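# Fold and contact review
As a plain string of letters, each chain reads:
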Amino acid sequence: MFCALKKTIGVCLIGLGLGVLLVLLLPITGWLFLIGAAILSLGLAWLFC
């Protein structure tokens, strides 16, 4: 049960990170890119760890 929940949270974090990178990059600002990249990497780490 915990494994499925962990994978679901990881996929949600990856989706959130990609959403930040794709949607909020329209006005290109560096800190939004860093937030999106951090959330994406956190989601990948959560999914594969």
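Below, the structure is looked at part by part.

This next bit is on the environment of L44. As for its position among the elements, L44 is in helix α2 (residues 30–48). Classification of L44 as partly exposed rests on a relative accessible area of 37%.

This part is about a nonpolar patch on the surface. On the surface, L5, I9 and W46 cluster together into a nonpolar patch covering about 260 Å² of accessible area. Relative to the elements of secondary structure, I9 occurs in helix α1 (residues 2–23).

Here F33 is to be found in helix α2. Exposure remark for F33: the relative accessible area of 42% places this residue in the partly exposed category. For the pair F33 and L21, spaced 12 residues apart in sequence, the C-alpha to C-alpha distance is 5.9 Å.

Mapped onto the elements of the fold, G15 is located in helix α1. In this structure the C-alpha to C-alpha distance between G15 and G36, which are 21 residues apart in sequence, comes to 9.9 Å.

Conventions used here
Residue indices follow the written sequence of each chain, beginning from 1 at its first position. Residue-level local features of this predicted model are given only where pLDDT is at least 70; pairs of side-chain atoms are given and counted only at 80 or more, and the full residue set underlies all totals for whole chains, interfaces and linings. With hydrogens and water stripped out, all remaining heavy atoms of the structure feed into the side-chain values. Working definition: helices are DSSP H or I runs of at least four residues, strands are E runs of at least two. Numbering for both runs from the N terminus. Exposed residues in this analysis have more than 50% of their type's maximum accessible area, buried residues have under 20%, and partly exposed residues fall in between, with area computed by a 1.4 Å probe over protein chains only. Patch membership is restricted to residues that have no salt bridge and whose relative accessible area is over 30%. Joining uses 9 Å for like charges and 5 Å for the nonpolar side chains Val, Leu, Ile, Met, Phe, Trp and Tyr. Only the protein chains shown count as cover for residues, and all accessible areas are computed by the Shrake-Rupley method using a 1.4 Å probe. One speaks of a salt bridge when a side-chain nitrogen belonging to Lys or Arg is within 4 Å of a carboxyl oxygen belonging to Asp or Glu.

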